[in-house]
Each structure stands twice: as C-alpha cells, then as structure tokens.
Amino acid sequence: MTLTEIALTTLDGRPLSLADYADRAVLVVNVASKCGLTPQYSALQQLAQDYAERGLTVIGVPCNQFMGQEPGSPEEIQAFCSTNYGVTFPLLAKTEVNGPNRHPLYAELTKTPDATGEAGDIQWNFEKFLIAPGGAVANRFRPRTTPDAPEVIAAIEAVLPS
C-alpha cells in the first residue's frame, strides 16, 4: 500500500487523502496538547505559513498514546490548537501511532529510518515525517528535533516542488 492510498479522517470527521497533496511536500507530525514539546505547534504553524505558497502542507496527527497527553475531544483539541497556537493546518482524528492498533499511515511511516538509521516505533509526541511530492518519505525527525531546526528546513527546501 502506498501512502496516497491510505484513508484518513480529519479531526472534524471529514475524509482526507494524501493523494490530495501528491504535488506538495507534506510534513506529518503526531501532536499532543499536554506535552512538554507542545510549544512546537508555534514552529509548525510558522512553517505552514512560510512555505504554503512554495508547496508545503503540515498535517498534525493528535495521539493520546504517550502518557495520555492528548486526552481531549476533537472539539477541545481544535479549540486548544487554534486558541493557543493559531493552528490553521489540517489536524487528523486522534490516531494510534504504535502498537497493534497502529493506523495504516503509521505502519508505513515507521518503516522509514531516522538520521541514525533507526526505523520502528514512534518515540514520543512530535515525531516528524517529511513526504516528498509524489508520496515518498524523504526524512524522519525525532521528537526533540524542532520544526525550525536547520536540518528540517534544509530537508523541506530540498523537496519543495517550486
């Protein structure tokens, strides 16, 4: 299965497909509202704004698998993100990223190794996957690598379609 064939659902229940973004770079990030890394939402929103016209879409994937740090309802998550961080990028429905109920999106994404060559389970909230136009996973960045880190910016710049 390719990434563009995987059915996704937005936080408000609408269907979404990565095929809709086939001509764009996409940064997929598992997110949480009550995590020490939650302030990364600011940098994610800044990336979404700064690079939208050049072909980048950020997609947030709320996940409650790491110490229950995303306990809210869809409405609470949306309100938190927009009120506290001005988030305008798409947010998916709450998703399991590890374990036996891992979403098919993450079953594919976690096959990608990080910079040290390690693939496998998501380590924590705010792990990032950069998907190049056409749907191939270009990079994986672990949670403590901020969205505005030089290596993330360089990777985004390298796969932008325009």
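In the annotation of an unreviewed UniProt entry, the entry for the protein chain reads Glutathione peroxidase, and the organism field reads Mycobacterium shimoidei. Comment text from UniProt for the protein chain, heading Sequence similarities (unreviewed entry), reads "Belongs to the glutathione peroxidase family."

1. Some details on the sheet that holds strand 4 (residues 56-62)
In space, the four strands of this open sheet follow the order 4-3-5-6, with mixed pairing throughout. Each of the sheet's edge strands pairs with one partner strand only, and the pair in question is strand 4 and strand 6 (137-141). Neighbour to neighbour, the strand axes of the sheet diverge by 20° on average, direction disregarded. Helix 4 (residues 150-159) contacts strand 3 (25-31), strand 4, strand 5 (128-131) and strand 6 of the sheet and is inclined by roughly 170° relative to strand 6.

2. Concerning the pattern of salt bridges
Side-chain pairing between opposite charges can occur once the charged atoms of the two side chains come close. If you walk through the whole model with that rule in mind, you get eight salt bridges. A salt bridge links Arg142 to Glu118, with the nearest nitrogen and oxygen atoms 4.0 Å apart. Residue Arg142 is found in the loop between strand 6 and helix 4, and its partner Glu118 is found in the loop between helix 3 (104-109) and strand 5; the two are separated by 24 residues along the sequence. Judged by its relative accessible area of 11%, Arg142 falls in the buried class. With a closest N to O distance of 2.7 Å, Arg142 and Glu127 form a salt bridge. Of this pair, Arg142 sits in the loop between strand 6 and helix 4 while Glu127 sits in the loop between helix 3 and strand 5, and the two are 15 residues apart along the sequence. Through salt bridges with shared partners, a single ionic network connects Asp114, Glu118, Glu127, Arg140 and Arg142.

3. Let's talk about the side chain of Gln69
Mapped onto the elements of the fold, Gln69 is located in the loop between strand 4 and helix 2 (74-85). The residues touching Gln69, leaving out its near neighbours within four places in the chain, are Ala32, Ser33, Lys34, Cys35, Asn64, Trp124 and Asn125.

4. Re the UniProt feature "active site" (unreviewed entry) in the protein chain
Mapped onto the present numbering, the UniProt feature "active site" (unreviewed entry) falls on Cys35. Among the secondary structure elements, Cys35 is positioned in the loop between strand 3 and helix 1 (40-51).

5. Re the environment of Arg142
Measuring from C-alpha to C-alpha, the distance between Arg142 and Ala132 comes to 18 Å, with ten residues separating the pair along the chain. In this structure the side chain of Arg142 is engaged in a polar contact, spanning 3.1 Å, whose partner is the backbone oxygen of Glu118. A distance of 3.4 Å separates a polar atom in the side chain of Arg142 from the backbone oxygen of Asp121.

6. What to know about unusual backbone geometry
At Met67, a residue that is not glycine, the phi angle is positive and equals roughly 55°. Within the chain, Phe126 stands out as a residue other than glycine whose phi angle is a positive 70°. The topology assignment puts Phe126 in the loop between helix 3 and strand 5.

7. Observations concerning the packing of helix 1 against helix 2
Helix 2 packs onto helix 1 with a crossing angle of 80° between their chain directions and a minimal axis gap of 10 Å. The pairing of helix 1 with helix 2 is recorded here as roughly perpendicular in orientation. On helix 2, the residues that touch Tyr41, Ser42 and Gln45 of helix 1 are Phe80, Cys81 and Tyr85.

Parameters and conventions
- Residues numbered from 1 in each chain as written.
- Predicted model: local features only at pLDDT ≥ 70, side-chain atom pairs only at ≥ 80, totals over all residues.
- Heavy atoms only, no water.
- UniProt positions renumbered as here; feature names shortened; annotations may be inferred.
- Pairing = 2+ DSSP bridges.
- Helix = DSSP H or I, 4+ residues; strand = E, 2+ residues; numbered from the N terminus.
- Axes fitted to C-alpha atoms, helices over the stretch in contact; angles between N-to-C directions.
- Contact = heavy atoms within 4.5 Å.
- Salt bridge = Lys/Arg side-chain N within 4 Å of Asp/Glu carboxyl O.
- Buried < 20%, exposed > 50% of the residue type's maximum accessible area, 1.4 Å probe, protein only.
- Polar contact = N/O pair within 3.5 Å; in protein donor to acceptor, adjacent residues only side chain to side chain.
- Parallel < 35°, antiparallel > 145°, perpendicular 65-115°, else oblique.

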